[in-house]
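Topology and contacts: notes
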Amino acid sequence: MSALAKRRLARFGHTDVASYQRFAGLEPDGVLGPITDRSILAPRCGCSDVLAIRDRSGQCAWKRSDFPVAYWVDSRLPRAIRESVAPAFALWESVAAVSFRQVRNRTEARWLITPARIDRAGGILADQELPCGQETREAIRMRLDTHETWTLSAGDRGRILALNVIAHEIGHGLGIAHISPAKGRALMNPTYDPRLALPQELDIAEAVERYGTAAKPPAGGRPPALLEFAARLQWSEGTGWTLTDSFVQS
Ligand SMILES: [Zn+2]
């Protein structure tokens, strides 16, 4: 096994190759062949596949009184990320009873969206702290790797779609752990998938279990961020919701 693959297995909470293979829905033969190796080394989220998603008070989640949760976006982040944050939060608002608001003052925020030097390009794209486990913490942090080339456009091959990654990390910030690819296709699968930007059935179930279903859309229709999406989303039976194009007017 390559030293890198070995380090990655440990980092993501797997004790051996077979444990990873079972989680990833691969043949659990315990052998690090090319398929398993490619899967382990594929671009992905830096959070462990084995997260403690419960704390002393029960499930890992924000309290009802925490909403709308104030978030702050570091202005040093590239534009593709800065412009994807609000739509990504809006996606979760559309599927569960959660709400968010952006603040300009970092000290008012309980959720920080920040750049970080995590590793080289590819590898780990981002990570996110959970809203439980460290009761004294004032704000949770999402870190996005500055070594990636981030993009807004689904047609921009070879670059990383900021919306997909941020929407995934927000799932962790809501208390949701990785969903095993063996269970099904989900935004909360650990590996980056350019076709997956929206919470899928398994993701929505996790969010609704914690927060209940989304409130009715505001009078006058859906939030503007979701209207932005609507024209660029495509549904297909095999792949679920996918973005067909850049969702921001250039
Ligand atoms: Zn993740």
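Everything here concerns the structure above.
Residues numbered from 1 in each chain as written. Predicted model: local features only at pLDDT ≥ 70, side-chain atom pairs only at ≥ 80, totals over all residues.

Taken as a whole, helix 6 (residues 201–211) has its buried residues at D203, E206, A207 and Y211. Across the axial projection of helix 6, the buried residues extend over an arc of 105 degrees, all falling on one side. Residues of helix 6 that are buried in the fold lie against helix 4 (79–93) and helix 5 (162–173). (Buried ≥ 20, exposed ≤ 12 C-beta atoms within 10 Å, placed from the backbone. Helix = DSSP H or I, 4+ residues; strand = E, 2+ residues; numbered from the N terminus. Arc of directions from axis to C-beta. Contact = placed C-beta atoms within 7 Å.)

Let's shift gears to the sheet that holds strand 5 (residues 100–102). Strand order in the open sheet formed by 6 strands is 1-7-8-6-4-5, with mixed pairing between adjacent strands. The open sheet terminates on both sides in strands that have one partner only, identified here as strand 1 (44–45) and strand 5. Across 3 bridges, the pairing between strand 4 (residues 69–73) and strand 5 is parallel. The residue of strand 5 that forms the bridge with A70 is R101. Helix 4 contacts strand 4, strand 5, strand 6 (111–116) and strand 8 (140–145) of the sheet and is inclined by roughly 160 degrees relative to strand 5. The strands touched by helix 5 within the sheet are strand 1, strand 6, strand 7 (124–128) and strand 8, with strand 7 carrying the most contacts at an inclination of about 30 degrees. (Pairing = 2+ DSSP bridges. Axes fitted to C-alpha atoms, helices over the stretch in contact; angles between N-to-C directions.)

As a further point, take the packing of helix 1 (residues 3–11) against helix 3 (residues 34–41). Relative to each other, helix 1 and helix 3 sit at 60 degrees, their axes nearing to 10 Å. With respect to their mutual orientation, helix 1 and helix 3 come out oblique. Our pair here, helix 1 against helix 3, has a crossing hand that is left-handed. Listed contacts from helix 3 to L4, A5, R8 and L9 of helix 1 are D37, I40 and L41. Counted by class, the contact of helix 1 with helix 3 contains 5 nonpolar, no polar and 2 charged residues. (Parallel < 35°, antiparallel > 145°, perpendicular 65-115°, else oblique. Left-handed = near helix turned anticlockwise from the far one by under 90°. Nonpolar A, V, L, I, M, F, W, Y, C, P; charged D, E, K, R; others polar.)

Here the focus is unusual backbone geometry. At the junction of F67 and P68, the peptide bond is cis and its omega measures out at -5 degrees in the coordinates. By secondary structure assignment, the location of P68 is in the loop between strand 3 (58–59) and strand 4.

What follows covers the nonpolar core. Core analysis: the biggest nonpolar cluster contains 52 residues, and A88, W92, A162, V165, I166 and A167 have the highest contact counts within it. Those elements that place two or more of their residues in this core are strand 4, helix 4, strand 6, strand 7, strand 8, strand 10 (160–161), helix 5 and helix 6. If you tally residues by element for this core, the top one is helix 4, at 8 residues. Not counting the four nearest positions on each side in its chain, W92 is found in contact with V98, I170, L174, P199 and A207. Core analysis: the second largest hydrophobic core is formed by 7 residues, V17, Y20, A24 and I40 among them. (Core = buried A, V, L, I, M, F, W, Y, C linked by C-beta atoms within 7 Å.)

Among the secondary structure elements, V103 is positioned in the loop between strand 5 and strand 6. In this structure the C-alpha to C-alpha distance between V103 and Y71, which are 32 residues apart in sequence, comes to 6.0 Å. When near neighbours in sequence (up to four residues on either side) are disregarded, V103 contacts A70, W72, E108 and A109.

Along the chain, V50 falls in the loop between strand 1 and strand 2 (54–55). With 14 C-beta atoms counted inside 10 Å, the residue V50 sits in the partly exposed group. Separated by 39 residues in sequence, V50 and R11 place their C-alpha atoms 9.9 Å apart.

Once that is clear, we can look at the pairing of strand 7. Most of strand 7 is tucked away, with 4 of its 5 residues classed as buried. Note that strand 1 and strand 7 share 2 bridges and pair parallel. Along strand 7, the bridge assignment pairs C45 with A126.

It is worth spelling out the pairing of strand 6 at this point. Pairing of strand 4 with strand 6 involves 3 bridges; the strand directions are parallel. Residue W72 lies in a different strand from strand 6, and its bridge partner there is L112. Pairing of strand 6 with strand 8, which is carried by 6 bridges, proceeds in the parallel orientation. In the sheet register, I113 faces strand 8, and the bridge partner there is M142.

Contact geometry for helix 4 and helix 5: axes closest at 8 Å, N-to-C directions at 50 degrees. As summarised for this structure, helix 4 and helix 5 are arranged oblique, according to the angle between their axes. As for how helix 4 packs across helix 5, the hand of that crossing is right-handed. Here helix 4 contributes A80, I81, S84, V85, P87, A88, F89, L91 and W92 to the contact with helix 5, which in turn contributes A162, L163, I166, A167 and I170. In terms of residue class, the contact of helix 4 with helix 5 is made up of 13 nonpolar, 1 polar and no charged.

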